[in-house]
Amino acid sequence: MLTQPTKELITVPNPHPNRVYTVEMDCAEFTTLCPMTGQPDFATIYVEYQPAQKLVELKSLKLYLWSFRNEANYHEDCVNRILNDFVAASEPRYAKVVGDFTIRGGIHTKVTVEYTA
């Protein structure tokens, strides 16, 4: 059985919704395509959040990030879309997404976006 990429972030109930705590995740295998050249861009995506009522299920996050691999996106758009979709799905107290992209054309790009409820 093959696993397919998806745009759906699945959530599960937070067993400790009254406690404020931080969850940190990173994915060193993020890829997307450059909209100018069609060449692959590689990044590590860091997600940090303080859950409220919901947690994001990790496999769904992996498959969600995987869904960008055949799309042409600017770095800034990728990171903002990831944050928007993450917040829409999980409704956290706080969330931050960092995209740390590998050097392309001699330029290192790191994009950071944050959300506070």
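Details of the structure are given in the entry above.
Let me begin by describing the structure that accompanies this report.

The rules we used
- Residues numbered from 1 in each chain as written.
- Predicted model: local features only at pLDDT ≥ 70, side-chain atom pairs only at ≥ 80, totals over all residues.
- Heavy atoms only, no water.
- Core = buried A, V, L, I, M, F, W, Y, C linked by side-chain atoms within 4.5 Å.
- Buried < 20%, exposed > 50% of the residue type's maximum accessible area, 1.4 Å probe, protein only.
- Helix = DSSP H or I, 4+ residues; strand = E, 2+ residues; numbered from the N terminus.
- Contact = heavy atoms within 4.5 Å.
- Pairing = 2+ DSSP bridges.
- Axes fitted to C-alpha atoms, helices over the stretch in contact; angles between N-to-C directions.
- Salt bridge = Lys/Arg side-chain N within 4 Å of Asp/Glu carboxyl O.
- Expected span 1.5 Å × (residues − 1).

Here's the deal with the nonpolar core
Judged by nonpolar contacts, the single largest core of 26 residues is most densely connected at Phe-30, Ile-45, Leu-65, Ile-82, Phe-86 and Val-97. Those elements giving two or more residues to this core turn out to be β2 (23-33), β3 (40-50), β4 (54-56), α1 (58-66), α2 (75-90), β5 (94-104) and β6 (107-116). At 7 residues, the largest contribution of residues to this core is made by α2.

Some details on the environment of Glu-91
Of note, Glu-91 is situated in the loop between α2 and β5. The exposure class assigned to Glu-91 is partly exposed, which follows from its relative accessible area of 49%. Taking C-alpha positions, Glu-91 is 10.0 Å from Tyr-49, a pair spaced 42 residues apart along the chain. Aside from chain neighbours lying at most four places away, what touches Glu-91 is Ala-52, Lys-54 and Phe-86.

Here we look at the sheet that holds β5
Spatial strand order, β2-β3-β5-β6: 4 strands in an open sheet with antiparallel pairing. Edge positions in the open sheet fall to β2 and β6, since each of these has one partner strand only. Here the average twist between neighbouring strands, direction ignored, is 15°. Bridge count between β5 and β6: 9 bridges; the pairing is antiparallel. Its bridge partner lying in β6, Tyr-94 is registered against Thr-116.

Considering the pattern of salt bridges
Tallied over the full model, the rule gives 5 salt bridges. The residue Arg-81 makes a salt bridge to Glu-71 at a minimum N-O spacing of 3.3 Å. Taken together, the residues span a long stretch of sequence, with Arg-81 in helix α2 and Glu-71 in the loop between α1 and α2 at a distance of 10 residues. The exposure class of Arg-81 is partly exposed, given its relative accessible area of 24%. For Arg-81, the salt bridge identified is with Asp-77, shortest N-O distance 3.8 Å.

Examining the pairing of β5
Judged from the 8 bridges that link them, β3 and β5 form a sheet pairing that is antiparallel. For Ala-43, the partnering residue across the bridge sits in β5 and is Phe-101. The turn linking β5 back onto β6 is made up of 2 residues, and Gly-105 within it adopts a positive phi angle of 65°.

What to know about the pairing of β2
Bridge count for β2 against β3 is 9 bridges, and the pairing is antiparallel. Paired with Thr-31 across the bridge in β3 is Phe-42. Remark: 6 residues form the turn of the hairpin made by β2 and β3, two consecutive strands paired antiparallel; Gly-38 in that turn has positive phi of roughly 80°.

So, α2
In this model α2 runs 23 Å from its N-terminal to its C-terminal C-alpha over 16 residues, within 8% of the 22 Å that 1.5 Å per residue would give. All of the buried residues in α2 are His-75, Cys-78, Val-79, Ile-82, Leu-83, Phe-86, Val-87, Ala-89 and Ser-90. Looking one or two places after α2, you find Glu-91, whose phi comes out positive at around 50°.

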